[in-house]
Amino acid sequence: MYVCVCNQVTDHEIRRAVDDGADSMTVLQSTLKVATCCGRCHDCAKRVMNQALADRCMACDMLATA
């Protein structure tokens, strides 16, 4: 799904960026240009990023306890 229409950024791209180490909106803004135009997508982009970070943490926790 498109999160940022202005810069054609999808939720998959945000998740991929998190997998590649992005951990803040500042990083996403500099790498993907998400939420750098009109700003309407900022909240949605942040939610997608936070969910991806939470998913990554859960995966790491599962590996650590295995």
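This report concerns the structure included in the present document. What you are looking at is a predicted structure, and each value in this text was computed from that prediction instead of being measured.

The rules behind each value
- Residues numbered from 1 in each chain as written.
- Predicted model: local features only at pLDDT ≥ 70, side-chain atom pairs only at ≥ 80, totals over all residues.
- Heavy atoms only, no water.
- Helix = DSSP H or I, 4+ residues; strand = E, 2+ residues; numbered from the N terminus.
- Buried < 20%, exposed > 50% of the residue type's maximum accessible area, 1.4 Å probe, protein only.
- Lys, Arg positive; Asp, Glu negative; His and termini not counted.
- Salt bridge = Lys/Arg side-chain N within 4 Å of Asp/Glu carboxyl O.
- Contact = heavy atoms within 4.5 Å.
- Disulfide = S-S within 2.5 Å.

Focus: the side chain of D11
Logical step 1: Relative to the assigned elements, D11 resides in helix α1 (residues 11-19).
Logical step 2: It is R15 that comes nearest to the buried, bridge-free D11 among opposite-charge side chains, at 4.5 Å.
Logical step 3: Discounting chain neighbours no more than four positions away, the residues touching D11 are M1, V3 and V48.

Examining the state of the cysteines
Logical step 1: The tally for this structure, following the rule as stated, stands at 0 disulfides.
Logical step 2: C4 takes part in no disulfide bond, and the closest cysteine sulfur, belonging to C41, lies 3.8 Å away.
Logical step 3: Residue classification places C41 among the buried positions, given a relative accessible area of 8%.

Details of the pattern of salt bridges
Logical step 1: One pass over the structure, following the stated rule, counts 1 salt bridge.
Logical step 2: The closest approach of N and O atoms between D55 and R15, which form a salt bridge, is 3.6 Å. With D55 in helix α3 (residues 42-65) and R15 in helix α1, the pair connects residues that are 40 residues apart, well separated along the chain.
Logical step 3: Owing to a relative accessible area of 31%, D55 belongs among the partly exposed residues under this scheme.

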